[in-house]
Amino acid sequence: MNKINEFLEKYFLPLAMKISGNIYLQAIRDGLTLTMPLLIVGSIFLIFAYLPIPGYSGFMEGVFGELWKSRILYPVQVTYDVMAMVASIGVAYRLAEKKRVDPISCGVISLTAFLLLSPFSILHTIGETVVTVTGINLGLVGSKGLFVAIIVGIYTTEVVKFTIDKNLIIKMPDSVPPAVGKSFLALIPAIITIILTLVVRIGFELTSFENVHNFITIILGKPLTILGGSFIGTILSVLAAQIFWSMGLHGATIVGSVMTPIWLQMMDENRLAFQMGAEIPNITTSSFMFMSFQYGGSGLTLSLVFLMTFFAKSKQLREIGKISLGPGIFNINEPVIFGTPIVMNPILLVPFILAPLVNTTILYWGTKFGLIGITTGVNIPWTIPAPIHAYLVSGGNLSTVFGVLVSLIVTTLIYYPFFKMYDEQKYQEEIQGE
């Protein structure tokens, strides 16, 4: 274990620190967080539209009419279906904060540039006739446009920062109100950004890709989606997150800053299929990843907390378990990670890394073979306890709840021998201390 720790500190820790400290990944992570409250609100209405209760749909139709479901889904359309628009503002805003330029101006310019890159012509079928109508393509401003939104948010802020550094701005006298002054300050950066964006749009219209969305989807989106949605990609993501955590870094956040756009897009594909009654395509989504290694907190530490609370001989571990049990039920595990501690602990790091890998394998292949219900695209608050969370994100599928409970039992069995070893060690230390 000492050699493993030395290896991680020498080769892995510097990489982890670079990733953790990268302002662009931080901006992507924090910018996408801006979409989370909206997705949670949309998920609430999505759940109410498809409550898995016998006779529910007929009851609602009798009370509110035939259009009740389409009307209750209106909030879903203005949350899920504008995800990329919100992300384009959020990423630019958060990066602008780090670059110390006006965040609001960058967010507004970013949104304008993003919409400029999104074609407003939509093919619409009426009977057997296909017509072109003008409007915003919700498919491109929703999850499918996330990659473009992230890129636009970053490059917009960089352009604004560059023009300000080169003094290519209009400065108003001090007597002018600050809000007006900031608006004029952003004028030239906005002009330059829009011109560059227009050149990019026209350039892609002259190619077979037709627009930048198609280019990103083909060149970047599909390979990343295949990687992120595969079993190997899923396992590697969990492994990386746990290794980061083992060194005291927030592994889920670091890995999520890279993978969240992929998982959100796959989650939304599931949501659309679920609404249409079609086969749900993706196993790996944001909700699935949360089930895989974050129930009870990263590392599935609720199992360890349970053992510490009810079976520890060590007074120290028993007290830490009692303190950590309440937060752990709601998927908060900093008390046990840093209080036990698990970080840099050669005994507990083994199950801390192994248990999520085993759990992910069980859930992935259980879902693959139809033994466990697939996630439906619902995104709910991460503090919801495990069985309830599993029930809601799977559209009320009890097999998902059963699968999660089985996996948590397996996780407890994985933690048990290492817990006994560490508990005995701490118990002997306490006896010697007395």
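Because the structure is a prediction, the values reported are computed rather than measured.

For helix H18 (residues 315-329), which comprises 15 residues, the first-to-last C-alpha distance of 21 Å matches the rise-based estimate of 21 Å (1.5 Å per residue) to within 8%. Considering bend angle alone, the principal kink of H18 is centred on Ile 323 and spans about 30°; proline Pro 327 follows within four residues of it. For H18, the complete set of buried residues consists of Leu 317, Ile 320, Gly 321, Ser 324 and Gly 328. Considering only its buried residues, H18 is in contact with helix H17 (302-311), helix H19 (334-339) and helix H22 (398-433). Capping the start of H18 is the job of one residue whose side-chain oxygen sits 3.3 Å from the backbone nitrogen of Gln 316: Ser 314. Just beyond H18, the residue with positive phi is Asn 331, at close to 70°.

Here we come to the packing of aromatic side chains. Evaluated as defined, the whole model comprises 14 aromatic pairs. Among the aromatic residues, those joined into a cluster by ring pairs are Phe 231, Phe 288, Tyr 364, Trp 365 and Phe 369.

Looking now at unusual backbone geometry. A cis amide bond links Thr 340 with the next residue in sequence, Pro 341, at an omega value of -10°. Counting through the fold element by element, Pro 341 comes out in the loop between H19 and helix H20 (349-368). One non-glycine residue, Asn 167, lies in the positive phi region at around 60°. Its identity is not glycine, yet Glu 210 carries a phi of approximately 75°, on the positive side. Residue position: Glu 210 is located in the loop between helix H12 (187-205) and helix H13 (212-229). The exposure class assigned to Glu 210 is exposed, which follows from its relative accessible area of 53%.

The next thing to look at is a nonpolar patch on the surface. Together, Phe 184, Leu 187, Ile 191, Ile 195 and Val 199 line one region of the surface with nonpolar side chains, adding up to about 430 Å² of accessible area. The leading source of residues in the nonpolar patch is H12, at four residues. Note that Val 199 resides in helix H12.

Parameters at a glance
- Residues numbered from 1 in each chain as written.
- Predicted model: local features only at pLDDT ≥ 70, side-chain atom pairs only at ≥ 80, totals over all residues.
- Heavy atoms only, no water.
- Helix = DSSP H or I, 4+ residues; strand = E, 2+ residues; numbered from the N terminus.
- Expected span 1.5 Å × (residues − 1).
- Bend = angle between axes of the 7 residues up to and from the residue.
- Buried < 20%, exposed > 50% of the residue type's maximum accessible area, 1.4 Å probe, protein only.
- Contact = heavy atoms within 4.5 Å.
- Polar contact = N/O pair within 3.5 Å; in protein donor to acceptor, adjacent residues only side chain to side chain.
- Phe/Tyr/Trp six-rings, centres within 6.5 Å; stacked < 30°, edge-to-face > 60°.
- Patch = residues over 30% accessible without salt bridge, like charges linked within 9 Å, V, L, I, M, F, W, Y side chains within 5 Å.
- Areas by Shrake-Rupley, 256 points an atom, 1.4 Å probe, with all protein chains shown as cover.
- Salt bridge = Lys/Arg side-chain N within 4 Å of Asp/Glu carboxyl O.

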